[in-house]
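Chain residues, written in single-letter form:
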Amino acid sequence: MVTKPKLGFAGVGWIGRSRLKAVVESDLASISRLNDPSETCLDEALKIAPGSVTGSEFEELVSDANLDAVVIATPSALHMQQAVAAFESGKAVFCQKPLGRNLEEVKAVVDAARKSNRLLGADFSYRYTTAFQKIHTVIKSGELGKIFAVDLKFHNAYGPDKPWFYDLSLSGGGCVLDLGIHLIDLMLFALDFPEVKTVSRSLLAKGVSVKGRNEVEDYANVFMELDNDATAQLACSWNLSAGCEAVIEASFFGTNGGVSIKNVSGSFYDFEASRYYGTNTEVLAGPPDDWGGRALVDFIQRLSRTNEYNREADEYLKSAAVLDKIYGRIS
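Here the structure is a predicted model, which is why all the values come from computation and not from measurement. (Residues numbered from 1 in each chain as written. Predicted model: local features only at pLDDT ≥ 70, side-chain atom pairs only at ≥ 80, totals over all residues. Heavy atoms only, no water.)

Consider a sheet: its strands pair through backbone hydrogen bonds, and that pairing is either parallel or antiparallel. The 6 strands are arranged S3-S2-S1-S4-S5-S6 in an open sheet whose pairing can be described as parallel. Here the strands that pair on one side only, and so sit at the sheet edges, are strand S3 (53-55) and strand S6 (120-122). For this sheet the average axis-to-axis angle between neighbouring strands, irrespective of direction, equals 20°. Alignment of strand S5 (residues 92-95) against S6, held across 3 bridges, turns out to be parallel. What sits directly across from Phe-94, in S6, is Gly-121. Strands in contact with helix H4 (residues 76-88) are strand S4 (69-72), S5 and S6; relative to S5, the strand with the most contacts, it is inclined by about 160°. (Pairing = 2+ DSSP bridges. Helix = DSSP H or I, 4+ residues; strand = E, 2+ residues; numbered from the N terminus. Axes fitted to C-alpha atoms, helices over the stretch in contact; angles between N-to-C directions. Contact = heavy atoms within 4.5 Å.)

Structure, rendered in structure tokens:
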């Protein structure tokens, strides 16, 4: 049992520092190392976790025998390699999504976690919003009857600000892998991971299909048939003129009503949970809700009890398989 785990952070850009702040505020773990090639990022991170050892090379971090776990918040192309190296050094791993650019890479991470018998966590942070927790409780209760339709939307009016997101070899995909992955995870998690039997999709870059082109999509429209006789629709985008900063939604419709999590007033951070009864709406939860670091805090709480492999990690393979189907990598 590790009572107060010692963590090292690989990558302390904006998202890494956000998660670092959540850990420091929780006081559930000690921050031992901060690694990033950017001196500016390290300087900002040291303001949050002063006294931490800093470095630019990932190898310095994984070779530190005092660390219990590594938090990975680096570009997607590095996730698989760094996670596997951390497991091989005997450390638990919490990684930003995606764990890998495709199913093969995600499988390599999960296999390494299983082989080393170490805990694996992924930052599917929207599971931990109060709004999703509220609708998840209703879904699990069975009160909605048979759920037969799911509507998923994630439109980001800005798009990523790092060049690697737009390089298919580095990112593995565009807005679906960046944004849609969160909603695919919510759908699978809420419905007990049904199999996605068939997928039809339209993936576009600047209004033109990316089929046969070495480009990432900035708009996607996906229709899925699930093995529980439900259907799901996903629409996501970067740089869409949606009239606000973001449109985010996961709605579930059953024979006895519906539930939904939606962002409020175009916010990336404020969410409202609603339950639908015909033409009537009941609000179940709303902002404020400081949810951004809860997935990592939950990981640390688990790590404090045991650092052993968790079977829930197998679920990451199921969401990765759906993404590969959307991208046409598997049928």
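On we go.
What follows concerns helix H2 (residues 39-48). In an α-helix, one turn spans 3.6 residues, which is why side chains three or four residues apart end up on the same side. Within H2 the residues assigned to the buried category are Cys-41, Leu-42 and Ala-45. Mapping the buried residues of H2 onto a view down its axis gives an arc of 95°, with all of them on the same face. Among the exposed residues of H2, those pointing more than 90 degrees away from its buried face are Glu-39, Thr-40 and Lys-47. Structurally, the start of H2 carries an N-cap: the backbone nitrogen of Thr-40 is 3.3 Å from a side-chain oxygen of Ser-38. (Buried < 20%, exposed > 50% of the residue type's maximum accessible area, 1.4 Å probe, protein only. Arc of directions from axis to C-beta. Polar contact = N/O pair within 3.5 Å; in protein donor to acceptor, adjacent residues only side chain to side chain.)

A word on the pattern of salt bridges. In total, this model carries 20 salt bridges according to the counting rule given. Between Glu-143 and Arg-275 there is a salt bridge whose closest N-O contact spans 2.8 Å. Of this pair, Glu-143 sits in the loop between helix H6 (130-141) and strand S7 (147-156) while Arg-275 sits in strand S14 (residues 271-277), and the two are 132 residues apart along the sequence. Glu-215 is the partner of Arg-213 in a salt bridge, and the nearest nitrogen-oxygen pair spans 2.2 Å. Judged by relative accessible area, which is 33%, Glu-215 ranks as partly exposed. (Salt bridge = Lys/Arg side-chain N within 4 Å of Asp/Glu carboxyl O.)

This next bit is on the pairing of strand S8 (residues 196-205). Pairing analysis gives 8 bridges linking S8 to strand S10 (residues 219-226), with the strands arranged antiparallel. Pairing of Leu-204 across the sheet is with Tyr-219, part of S10. Strand direction decides the pairing type here: S8 and strand S9 (residues 208-209), joined by 2 bridges, are antiparallel. Each bridged residue has a counterpart across the sheet, and for Ala-205 the counterpart in S9 is Val-208. If you look at the hairpin formed by S8 and S9, you'll find 2 residues sitting between the two strands, and Lys-206 has a positive phi there, around 55°.

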